[in-house]
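# Examination of the molecular architecture
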Amino acid sequence: MSGIKIDLQSGWSRRTVIKAGIGGVSLLATPSLLRAEEIGGELYLETFGGEYSEALTAYVVKPFEERYGVKVRVGTFGGGAEQLAKVQAGNDRIDVTSLNGQYMYAAIKANSVLPLRLENIPNFANQSESFRKPTYEVGDGKNYSAGLVWGDTSIAYNTEMIKEEPTSWNDLLRPELKGRVSMYGEADTLVQTGAIMTGQDINDMKDLAAIEAKLMELRPQLLKFWNSGSEATQLFASGEIWIANFWRGRVNKLAEDGVPIKYVVPKEGSVGWVDCFAIPRTCKNQRAAEAFIYTALDAEVMKNFVTKGINYAPATTNVDLTPQEQEKLGATPAIFKTAAFPSSQYQAAHQAEWELIATRVKGS
């Protein structure tokens, strides 16, 4: 049965699958596209570590290398803040970097990334509208990033240890869960989740005191804060934690590996995120970098990456997914609407006070 093509802004609108490329022709059928300039040499890619880099290497890097004969050197990092600081410092050659959308605004303002030359990435047009004109960039009419995958940070829980499915963020406060709860320790997500828990708009918080109070109430429940996807994966796999805010793709992989785990979106909603590719100013092979992003956005490459590798929703609207795949990946308009995507401008303006809140909560 053919899958349904999703347009996240207008819903289940079309069944026609439009392959990425020029004139409706798939990139896979026309590997000679984008060769007006010579594409060669080596490409230095930096991305998230663990299963993320493994999936990227298998389903994006390998097809790119085979198509263009460019050797990709893959480096990894633990978290987005770490990589943002490295990109801003500009001391190392990086041709393409993964960055979470929430860090793009700071990277652009620091003049650390190049505007994308979209004439060399024609399938950028298949980006969901939210990622073609994103709130996490500066709004100067240029595009500096290409969305790869998106998702939310909702609740994952151990189905053997927790029989009553959580439906609210406040379920993390159940007395029987004390010492078995974990939360992502990044200040932005922590405070934004506190805002959702207190019924506030993450892009217009009116009562920071209430947010801090809610997080302080939650603090005694926690075994620890987790700081990387690999760390949270291990905590769930070992049974040390039973419930945490986590990412759908990682939960899907744990379930495939036999861990009794399920992912649910609380009734209050969740914090949305998008992983992007950007080209730092330290890039030494911009033409290959553009061809790499072009390859990643190809419909067939993207489908393999999200369904066989990373288990997240594609940030493009041209990927042919079955209804079952859509549900698993969270790639439906209904789920998209439950995710509140942060405004990077708002976040940047309030970063310092959010960091202070997180520091006090963690230190309590």
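Residues numbered from 1 in each chain as written. Predicted model: local features only at pLDDT ≥ 70, side-chain atom pairs only at ≥ 80, totals over all residues. Heavy atoms only, no water.

### Section: the overall build of the protein
Note the cut-off: Helix and strand labels come from DSSP, where a helix needs a run of H or I of at least four residues and a strand needs a run of E of at least two; each type is numbered from the N terminus. Burial classification: accessible surface area is computed with a 1.4 Å probe over protein chains only, and a residue below 20% of its type maximum counts as buried, one above 50% as exposed, and the rest as partly exposed. Residue-level accessible areas treat just the shown protein chains as cover; the underlying method is Shrake-Rupley with a 1.4 Å probe.
Looking only at helices and strands, the protein has 13 helices and 13 strands in total. Taking all 364 residues of the protein together, the buried fraction comes to 57%. Surface exposure of the protein reaches about 14500 Å², of which carbon and sulfur atoms provide 50%.

### Describing helix α6 (residues 208–218)
Put simply, the rule is: The arc in question is traced by the directions running from the helix axis to the C-beta atoms. Note on contacts: a residue pair is in contact if any heavy atoms of the two residues lie within 4.5 Å. Two N or O atoms count as a polar contact when they lie within 3.5 Å, although within protein this holds only if one can serve as hydrogen donor and the other as acceptor, and sequence-adjacent residues are included solely when both atoms are side-chain atoms.
When we look at burial in α6, the residues that qualify are I211, E212, K214, L215 and L218. All buried residues of α6 project into a common sector of 160 degrees when viewed along the axis, lining one side. For α6, the secondary structure elements touched by its buried residues are β7 (181–184), α5 (187–197), β8 (222–226) and α13 (344–363). One side-chain oxygen of the residue at the start of α6 lies 3.3 Å from the amide nitrogen of A209, identifying that residue as D207.

### Quick word on helix α1 (residues 51–68)
Note the threshold: To estimate the expected span of a helix, subtract one from its residue number and multiply by 1.5 Å. Think of it this way: the bend at a residue is just the angle between two axes, each fitted to seven residues, one set ending at that residue and the other starting at it.
Taking 1.5 Å per residue, 18 residues should reach 26 Å; α1 reaches 25 Å between its end C-alpha atoms and fits that length. When the local axis directions of α1 are compared, the greatest deviation, roughly 40 degrees, occurs at T57. Taken as a whole, α1 has its buried residues at Y52, S53, A55, L56, V60, V61, P63, F64, R67 and Y68. Of the residues trailing α1, G69 is marked for its positive phi of about 70 degrees.

### Describing the pattern of salt bridges
The line we're drawing: Only one rule defines a salt bridge in this text: a Lys or Arg side-chain nitrogen within 4 Å of an Asp or Glu carboxyl oxygen.
Going through the model one piece at a time under the given rule, you end up with 16 salt bridges. Put simply, E290 and R117 hold a salt bridge, and the shortest N to O gap is 2.5 Å. In this pair, E290 sits in helix α9 (residues 286–296) while R117 sits in the loop between α3 (104–109) and α4 (129–132), placing the two residues 173 residues apart along the sequence. Exposure remark for R117: the relative accessible area of 26% places this residue in the partly exposed category. Note that E217 is salt-bridged to K214, the shortest N-O span being 3.3 Å. Linking E217 with K214, this pair stays in helix α6, spanning 3 residues, or about one helical turn. Look at K214 and you get buried, because its relative accessible area is 16%.

### With respect to the packing of aromatic side chains
What counts, and what does not: Two aromatic rings, drawn from Phe, Tyr or Trp (for Trp, its six-membered ring), form a pair once their centres lie within 6.5 Å of each other, and the interplanar angle then sorts them: stacked below 30 degrees, edge-to-face above 60, tilted otherwise. By definition, being over a ring means that NZ of Lys or CZ of Arg is both within 6 Å of the ring centre and within 35 degrees of the ring normal.
Under the criterion given, the structure shown has 19 aromatic pairs. Centre to centre, the rings of Y184 and W226 are 4.3 Å apart; their planes meet at 15 degrees, and the pair counts as stacked. Taken together, the positions of Y184 in strand β7 and W226 in strand β8 put the pair 42 residues apart, joining distant regions of the chain. Here Y184 and W226 have matching classes, each one buried. An aromatic cluster is built from Y184, W226, F236, F246 and W247, whose rings are joined through pairwise contacts. It is K362 that lies over the ring of F225; its NZ or CZ is 5.8 Å from the centre.

### Topic: the environment of M205
Within the secondary structure layout, M205 lies in the loop between α5 and α6. Since its relative accessible area comes to 10%, M205 is described here as buried. Discounting residues that sit within four places of it in the chain, M205 has contacts with V191, Q192, A195, Q200, I211, Y346 and W354.

### Remarks on the environment of G69
Relative to the helices and strands, G69 resides in the loop between α1 and β4 (71–77). According to the relative accessible area criterion, G69 is exposed, its value standing at 60%. Sequence separation of G69 and G40 is 29 residues, and the distance between their C-alpha atoms is 6.7 Å.

### Side note on the packing of α5 against α13
Put simply, the test is: Angles run from 0 to 180 degrees between N-to-C directions of axes, and those axes are lines fitted to C-alpha atoms, restricted for helices to the stretch in contact. When describing relative orientation, an angle under 35 degrees is termed roughly parallel and one over 145 degrees roughly antiparallel, while 65 to 115 degrees is termed roughly perpendicular and anything else oblique. Following the grouping adopted for this structure description, the nonpolar residues are Ala, Val, Leu, Ile, Met, Phe, Trp, Tyr, Cys and Pro, the charged ones are Asp, Glu, Lys and Arg, and the polar ones are all others, Gly among them.
Contact pair α5 / α13: the axes reach a minimum separation of 9 Å and the direction vectors enclose 85 degrees. As the angle between them shows, α5 and α13 are arranged roughly perpendicular. Touching A187, D188, L190, V191 and Q192 of α5 are Q347, Q351, W354, E355, I357 and A358, all from α13. Classifying every residue of the contact of α5 with α13 by side-chain character gives 6 nonpolar, 3 polar and 2 charged.

### Structural notes on the confidence of the model for the protein
Heads up, the rule is: Residue-level confidence of the predictor is what pLDDT reports, using numbers from 0 through 100.
Per-residue confidence for the protein gives a mean pLDDT of 89, with 90% of residues at or over 70. The low-confidence segment residues 1–27, where pLDDT is below 50, has 71 contacts with residues more than four positions distant or belonging to other chains.

### Digging into the packing of α5 against α6
Between two packed helices, both the angle of their axes relative to each other and the distance between the axes serve to describe the pair. Close contact between α5 and α6 brings their axes to 9 Å; oriented N to C, the two are set at 100 degrees. Relative to α6, α5 is oriented roughly perpendicular. Contact residues: L190, V191, G194, A195 and M197 in α5; I211, K214 and L215 in α6.

### Thoughts on the pairing of strand β3 (residues 42–48)
Applied cut-off: Criterion used throughout: strands pair if DSSP finds at least two bridges between them. Every crossover in which the path from the first strand over the helix to the second runs clockwise, viewed with the strands pointing away from the viewer, is termed right-handed.
Within β3, 5 of the 7 residues are buried, which leaves it mostly tucked inside the rest of the structure. As paired elements, β3 and β4 share 7 bridges and run parallel to each other. Within β4, the residue paired with F48 across the bridge is F77. Taking the sense of rotation as the criterion, the β-α-β connection linking β3, α1 and β4 turns out right-handed. Pairing of β3 with strand β5 (residues 96–100) involves 2 bridges; the strand directions are parallel. Along β5, the bridge assignment pairs L45 with V96.

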